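Topology and contacts: notes
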Amino acid sequence: MNLIFLGAPGAGKGTVAAKLAEQTGLTPISTGDLFRAAVKNETDLGLKVKSIMEAGGLVPDELTIALVKERLASETDGKGVILDGFPRTIAQADALKTFFKIDAVINFIVPDEKIIKRLSGRRLCRQCNAGYHIEYMPPKTENVCDACGGELFTRKDDSPESIQNRLAVYAAQTQPLIDYYKKEGLLIDIDGTPQPDTVCESVRKAIGC
Ligand SMILES: [Zn+2]
């Protein structure tokens, strides 16, 4: 069973991917991790990615596709994968189709207000980098790290304006992919609002595994 996960930042697809992988033996493959590993291991493709990223450029489709193709070729246990962060463009989706069979595309739907609430409540410790959430995982004392007593702060990326901007970019980028996979008959919408365990359960029901 090979899956693609689509979902806005803060829709919780990473958490659900990890849970689903644990329960079913599917391998989660995130493009972000793939880039980092290739750069760290200094593979041929990794060195190319590294020089592009160091120059502040965007990794071109062909390179991303080559990396994913290489990674998928090494996936031989036959259980399947969860692709997270790929494909991101129609060109990537077209290429993927030529070398890999996708069984379903899971589209996690969470209303923007909910995502803004989730992301804007995140806090980080200035000293030890521990993560908190003012609602879901509050520190014992407001704005103070439980672990080291350091001051907590909000990342710039997690300000409501910045989140709104990221959501708009995501929607514009992803709508063509949603249409693409709908046309292919592979798209499954999943309500990403409940707790991750519940969302994971809905995914398993929807794909029958
Ligand atoms: Zn701390």
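The paragraphs below set out a description of the structure included in this document. Model, not experiment: these values are computed from the prediction. (Residues numbered from 1 in each chain as written. Predicted model: local features only at pLDDT ≥ 70, side-chain atom pairs only at ≥ 80, totals over all residues. Heavy atoms only, no water.)

A separate point is the overall build of the protein. Of regular secondary structure, the protein possesses eight helices and eight strands. Compactness check: the protein gives a C-alpha radius of gyration of 18 Å against a globular reference of 17 Å for 209 residues, within 12% of the reference. If one aligns the C-alpha atoms of the protein with their principal axes, the spans along those axes are about 55 × 40 × 35 Å. When each of the 209 residues of the protein is scored for burial, the buried share is 40%. Summed over its atoms, the accessible surface of the protein is roughly 11,500 Å², and 52% of this surface lies on carbon and sulfur atoms. In the protein, 26 side chains carry a positive charge and 28 a negative one; their mean positions are 1 Å apart. (Helix = DSSP H or I, 4+ residues; strand = E, 2+ residues; numbered from the N terminus. Rg over C-alpha atoms; globule rule 2.2 N^0.38 Å. Buried < 20%, exposed > 50% of the residue type's maximum accessible area, 1.4 Å probe, protein only. Areas by Shrake-Rupley, 256 points an atom, 1.4 Å probe, with all protein chains shown as cover. Lys, Arg positive; Asp, Glu negative; His and termini not counted. Charge placed at Lys NZ, Arg CZ, Asp CG, Glu CD.)

Moving on, we get to the sheet that holds strand β7 (residues 152-153). Pairing is antiparallel in the open sheet, where three strands are placed in the order β6-β5-β7. Taken across any chain shown, the strands that pair with only one partner, and hence form the sheet edges, are β6 (131-133) and β7. Of the pairings in the sheet, the one linking strand β5 (residues 122-125) to β7 comprises two bridges and is antiparallel in character. When the sheet's bridge partners are listed, Leu124 is paired in β7 with Phe153. Packing against the sheet, helix α6 (residues 112-120) makes contact with β5 and β6, and its axis sits at approximately 15° to β5. (Pairing = 2+ DSSP bridges. Contact = heavy atoms within 4.5 Å. Axes fitted to C-alpha atoms, helices over the stretch in contact; angles between N-to-C directions.)

Let us look at the packing of helix α5 (residues 90-99) against helix α7 (residues 160-183). Close contact between α5 and α7 brings their axes to 9 Å; oriented N to C, the two are set at 35°. The residues of α7 that touch α5, namely those facing Ile90, Ala93, Asp94, Leu96 and Lys97, are Pro176, Leu177, Tyr180 and Tyr181. A per-class count over the contact of α5 with α7 returns seven nonpolar, no polar and two charged. (Nonpolar A, V, L, I, M, F, W, Y, C, P; charged D, E, K, R; others polar.)

In spatial order, the strands read β2-β3-β1-β4-β8; together these five strands make up an open sheet with parallel pairing. Each of the sheet's edge strands pairs with one partner strand only, and the pair in question is β2 (27-30) and β8 (187-191). Taken pair by pair, the neighbouring strands of this sheet meet at an average axis angle of 25°, ignoring direction. Across the sheet, helix α1 (residues 13-24) is in contact with β1 (3-7), β2, β3 (81-84) and β4 (104-109); its angle to β1 comes to roughly 155°.

With that settled, the discussion passes to the nonpolar core. Side chains of nonpolar character tend, in soluble globular proteins, to be buried together. The biggest cluster of nonpolar side chains holds 46 residues, and the ones touching the most others in it are Phe5, Leu83, Leu96, Phe108 and Tyr181. Among the elements that take part in this core, α7 stands out by supplying seven residues, more than any other. In this view, Phe108 contacts Phe5, Leu6, Gly7, Ala11, Lys13, Val16, Ile190, Val199 and Val203; residues no more than four positions away in its chain are not counted. Residues Phe35, Ala38, Val49 and Leu63 belong to the second largest nonpolar core, which totals eight residues. (Core = buried A, V, L, I, M, F, W, Y, C linked by side-chain atoms within 4.5 Å.)

Structural measurements only, silent on function.
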